[in-house]
Number of protein chains: 2
Amino acid sequence: MPNIGGTIRVAVTQSYDVIVGSNLLEQVSDFVSAQEITILADEHTQTYAQRLADAVQRSSRTPLLITVPAGERSKTLDTWGQVIQQLSDAKLSRQAALIAVGGGVVGDLGGFVAASYLRGIRLYHVPTTVLSMVDSSVGGKTGVNLPTGKNLVGAFWQPTAVFADVDVLATLPAKEFLSGTAELFKAGLIRDYELAATLLADWSQSAAPSIIADYLLRGIAVKAEIVAEDTFERGTRAFLNLGHTLAHALEGASGHAISHGVAVAYGLVFAAYLGKARGMFDYTDLAIQFLQWVGESIELPPFSQLVPYIERDKKAGPGYITYVLLEAAGQPVLVHDVTESEQRRAYASLQEVAL
Amino acid sequence: MPNIGGTIRVAVTQSYDVIVGSNLLEQVSDFVSAQEITILADEHTQTYAQRLADAVQRSSRTPLLITVPAGERSKTLDTWGQVIQQLSDAKLSRQAALIAVGGGVVGDLGGFVAASYLRGIRLYHVPTTVLSMVDSSVGGKTGVNLPTGKNLVGAFWQPTAVFADVDVLATLPAKEFLSGTAELFKAGLIRDYELAATLLADWSQSAAPSIIADYLLRGIAVKAEIVAEDTFERGTRAFLNLGHTLAHALEGASGHAISHGVAVAYGLVFAAYLGKARGMFDYTDLAIQFLQWVGESIELPPFSQLVPYIERDKKAGPGYITYVLLEAAGQPVLVHDVTESEQRRAYASLQEVAL
């Protein structure tokens, strides 16, 4: 159906398709069979949401359009409760569908709304950023933040379908395009090393839509494979967290002022140094090259400020922390015995190459 | 393992055991392997929770014991958020387990906490009422109420095991024992009619524990079968809602002053009348007999006050409502074309026999 791109099947308990291509937005309405439709968007994506709503309206259904403020500040229990209340006030039934049009915040928030309203209604993702296309819209993770940390409340709820329209990436702010690429780069590092190795040569916001779609499909294929292996993150799904232990700590310590993609770009360099110091696979040069390509300078706080966040990481257990490291190109492992001094040394190395 | 009673396997995506017997409470700690344990209870069940906590402590683990006020007023987003925050403040990891010790409110609230904290931790139910043993602790439904209705927010999250200790029923307030039996009676009506037909002759709070355990096991077997057939309530699981359309409306209109079991007892008589008037299976006598056995008088509001609640029922769709009716003993069907005048006539019949 998409004239460029293709379709990837994600096999979990319920399987669903992630459709990548151009000119998809107008076709979403035809795919969603529900009579009752809610479209969730933020200020940045409401024009897309409106186009989608108009298409729904032309099919003789009246969508409920809900817009939340853009950014992480909407990923809260308060906003989630308000959206749930709007669905309840509109008397939406369990047959309703929710279409989340936006980046990670709208997807995670809308996903948790869909997971929990009447104990679950159908969910469609229309991701509008690189990051949400290759990562957050695939795999069924939904949730909001607590003051004590990111994604501390949520549920696993798989979408019925995901529509990734590459056309919307052309107008994405350049910063967001660059930083969002971090999850695509990471997907390559953990399972398709050639993707990571060639990405920077081929990939740019002005690249041909077919090239962009091809890379997205490869990144999504990595995510889909890992989600199929470990839907509820009891094991190998944690590999997707390469670079994320430090990334989440940086985000937390900055009060979420740093974007997730930028934080991951720094976290990947940190993880590369941790592994190199252990004599594991050395991809520090590639990770640094990627960080420079992202080109976003942040203030790196003293490591001691990050320790409480690292200890509270979701991969941590009682008395231990967990890092994802690479033992070979495309081969991640979970490591539970990284010491604080190892972390401090890797962090010092990161500080030296930081922008 | 239990010296009376037995074990029923619930087969869903993950399967788990519901263990019914006496003297189980002290053994729960041995079953739960997690190092980090939270026990959730309410004021009425905190002595049981404390016994369980003491057993956990003897196994060199320090449980986090959380007590919420008793009753429906704790089944709110506020309380849920507070409990989640306590888990987060205690830095509990994804390896932690939550044990919910109590009736339906503690089970539903604790279940939603376990479903959503870090996107899901292990959950054990220790139901302490008839109603929660035969109904709410089995099947993975969790959730809280909104001002606009019951259970409007929640998730499906299956427990790792359920421990139903019949000893705790002996000290249950008589009213609660009687009204809680409504779900057991209903389980019989929809799939084990002999259970419903013989229940009142054999079942009482002073009956031998082995008799109580046998009836509980039969009721749980019905629930387990239906949950295995339709885990996410897309079809036959709605049969468990026999009597519940009116019951939820009565509860809502009373501001949740009426207990769920009592509401169901009235709802079952109403459903019996609806079916009888359509020439379907006539079990009005048995349902009235059961209502009298429960013996709880409530104020039945004018039907018009119930209509908004009935329209908002979770089984309703756009422009239609759904009733579960019996076409034969133990054989429920979903009916979508019940008119308002049919409902009014059945309600008038209910008012005539009401206590």
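Residues numbered from 1 in each chain as written. Chains lettered and ligands numbered in written order. Predicted model: local features only at pLDDT ≥ 70, side-chain atom pairs only at ≥ 80, totals over all residues. Heavy atoms only, no water.

Enquirer: Looking at this structure, how should I read the overall build of chain A?
Expert: When helices and strands are tallied, chain A shows 13 helices and 11 strands. A compact globule built from 355 residues would reach a C-alpha radius of gyration of about 20 Å, and chain A, at 20 Å, matches this within 12%. Expressed as lengths along the three principal axes of its C-alpha atoms, the size of chain A is roughly 60 × 40 × 35 Å. Looking at chain A as a whole, 63% of its 355 residues qualify as buried. The contacts of chain A with a sequence gap of at least 6 include a subset with a gap of at least 24, amounting to 74%. When the accessible surface of chain A is split by element, carbon and sulfur atoms take 49% of a total near 12400 Å². (Helix = DSSP H or I, 4+ residues; strand = E, 2+ residues; numbered from the N terminus. Rg over C-alpha atoms; globule rule 2.2 N^0.38 Å. Buried < 20%, exposed > 50% of the residue type's maximum accessible area, 1.4 Å probe, protein only. Contact = heavy atoms within 4.5 Å. Areas by Shrake-Rupley, 256 points an atom, 1.4 Å probe, with all protein chains shown as cover.)

Enquirer: I would appreciate a short explanation of unusual backbone geometry in the present structure.
Expert: Negative phi characterises most residues that are not glycine, and trans characterises most peptide bonds. All names here are of chain A. One non-glycine residue with positive phi stands out, namely Ser60, at about 65 degrees. Its place among the elements puts Ser60 in the loop between helix 2 (46–58) and strand 4 (64–68). Judged by relative accessible area, Ser60 falls into the exposed class, the value being 67%. In this structure, Arg119 is a non-glycine residue whose phi angle is positive, near 65 degrees.

Enquirer: Looking at this structure, I do not really get the relation of the copies chain B and chain A. What am I missing?
Expert: These two copies of the chain differ by a rotation about an axis and a displacement along the same axis. Under the fitted operation, chain B is carried onto chain A by 0.0 Å of movement along the axis and a turn of 180 degrees, and the coordinates agree to an RMSD of 0.0 Å. With respect to symmetry, the two chain copies, as superposed, fit the operation of a two-fold axis. Mapped onto chain A, 100% of the interface residues of chain B again fall at the interface, so both copies present the same surface. (Least-squares fit on C-alpha atoms with pLDDT ≥ 70 in both.)

Enquirer: I tried to follow the packing of aromatic side chains on my own but got confused; where do I start?
Expert: Applying the stated rule across the entire model yields 25 aromatic pairs over all chains. An angle of 70 degrees between the planes, with centres 6.2 Å apart, marks the rings of Trp203 of chain B and Tyr215 of chain B as edge-to-face. Within this pair, whereas Trp203 of chain B is found in the loop between helix 7 (193–202) and helix 8 (209–229), its partner Tyr215 of chain B is found in helix 8, the two being separated by 12 residues in sequence. Given the relative accessible area of 1%, Trp203 of chain B is considered buried. An aromatic cluster of at least three residues, connected via ring pairs, comprises Trp80 and Phe112 of chain A together with Trp80 and Phe112 of chain B. In this arrangement the basic side chain of Arg218 of chain A is found over the ring face of Tyr215 of chain A, its NZ or CZ atom lying 5.6 Å from the centre. One Lys or Arg, Arg312 of chain A, reaches over the ring of Tyr309 of chain A and ends 5.7 Å from the middle of that ring. (Phe/Tyr/Trp six-rings, centres within 6.5 Å; stacked < 30°, edge-to-face > 60°. Lys NZ or Arg CZ within 6 Å of the ring centre and 35° of its normal.)

Enquirer: Looking at this structure, I do not really get the interface of chain B and chain A. What am I missing?
Expert: Quoted interface sizes are often the accessible area lost when the parts come together. Residue-level contacts link 43 residues of chain B with 43 residues of chain A. A combined buried area of about 3500 Å² lies between chain B and chain A, and 56% of that area is made up of carbon and sulfur atoms. At the surface where chain B touches chain A, the tally comes to 0 salt bridges. Those elements giving two or more residues to the side of chain B that touches chain A turn out to be helix 3 (77–89), helix 4 (104–116), strand 7 (141–146) and strand 8 (149–156) of chain B. A total of 7 residues in the side of chain B that touches chain A trace back to one element, the largest contributor, which is helix 3 of chain B. Considered class by class, the residues forming the side of chain B that touches chain A number 18 nonpolar, 14 polar and 11 charged. (Buried area = accessible area lost by both parts, 1.4 Å probe. Salt bridge = Lys/Arg side-chain N within 4 Å of Asp/Glu carboxyl O. Nonpolar A, V, L, I, M, F, W, Y, C, P; charged D, E, K, R; others polar.)

Enquirer: When you look at the pattern of salt bridges in this model, what are you seeing that I'm missing?
Expert: Where charged atoms from two side chains of opposite charge approach closely, those side chains can pair. One pass over the full model with this rule turns up 28 salt bridges over all chains. Note that Asp337 of chain B and Arg278 of chain B form a salt bridge whose closest N and O atoms lie 3.0 Å from each other. With Asp337 of chain B in the loop between strand 11 (331–335) and helix 13 (340–353) and Arg278 of chain B in the loop between helix 10 (260–277) and helix 11 (284–294), this pair connects stretches of sequence that are 59 residues apart. On the accessibility criterion, Arg278 of chain B (29% relative accessible area) is partly exposed. For Asp313 of chain B, the salt bridge identified is with Lys315 of chain B, shortest N-O distance 2.9 Å. What you see here is one network of salt bridges that share partners, running through Arg191, Glu225 and Glu229 of chain A.

Enquirer: Looking at this structure, how should I read the pairing of strand 8 (residues 149–156) of chain A?
Expert: On a regular strand, one side chain projects to one face of the sheet and the next to the other, so that they alternate. Residue and element names in this part refer to chain A. Taken across its 8 residues, strand 8 has 8 buried, putting it largely inside the fold. Direction of pairing for strand 7 (residues 141–146) relative to strand 8: antiparallel, over a ladder of 5 bridges. In the strand pairing of strand 8, Leu146 is matched with Gly149. With antiparallel pairing between neighbouring strands as the criterion, strand 7 and strand 8 make up a hairpin whose turn holds 2 residues. (Pairing = 2+ DSSP bridges.)

Enquirer: It is not clear to me how the packing of helix 6 (residues 174–191) of chain B against helix 7 of chain B should be interpreted in this structure. Could you clarify?
Expert: For any two helices packed against each other, the geometry comes down to the angle between their axes and how far apart the axes lie. Residues and elements named next belong to chain B. Their axes nearest at 5 Å, the elements helix 6 and helix 7 cross at an angle of 140 degrees. Compared by their axis directions, helix 6 and helix 7 come out oblique. For the pair formed by helix 6 and helix 7, the contact residues are Thr181, Leu184, Phe185, Gly188, Leu189 and Arg191 on the first element and Tyr193, Leu195, Ala196 and Leu199 on the second. (Axes fitted to C-alpha atoms, helices over the stretch in contact; angles between N-to-C directions. Parallel < 35°, antiparallel > 145°, perpendicular 65-115°, else oblique.)

Enquirer: Can you walk me through the side chain of Lys75 of chain B in this structure?
Expert: Residues and elements named next belong to chain B. Topologically, Lys75 is positioned in the loop between strand 4 (64–68) and helix 3. Of the polar contacts made by the side chain of Lys75, one reaches the side chain of Asn151; its length is 2.7 Å. Aside from chain neighbours lying at most four places away, what touches Lys75 is Val105, Asp108, Gly143, Val144, Asn145 and Asn151. (Polar contact = N/O pair within 3.5 Å; in protein donor to acceptor, adjacent residues only side chain to side chain.)

Enquirer: Is there a simple way to explain helix 2 of chain A in this structure?
Expert: Side chains that are three or four residues apart share a direction in an α-helix, a result of its 3.6 residues per turn. Residues and elements named next belong to chain A. For helix 2, built from 13 residues, the straight-helix expectation of 18 Å at 1.5 Å per residue is met to within 8% by its first-to-last C-alpha distance of 18 Å. By the burial criterion, the buried members of helix 2 are Tyr48, Ala49, Leu52, Ala53, Ala55 and Val56. In an axial view of helix 2, the angular spread of the buried residues amounts to 160 degrees, which keeps them on one side of the axis. Relative to its buried face, helix 2 has exposed residues pointing more than 90 degrees away, namely Thr47 and Arg58. Residues of helix 2 that are buried make contact with helix 1 (28–31), strand 3 (37–42), strand 4, strand 5 (97–102) and strand 6 (122–127). Among the residues trailing helix 2, Ser60 stands out with phi positive, at a value near 65 degrees. (Expected span 1.5 Å × (residues − 1). Arc of directions from axis to C-beta.)

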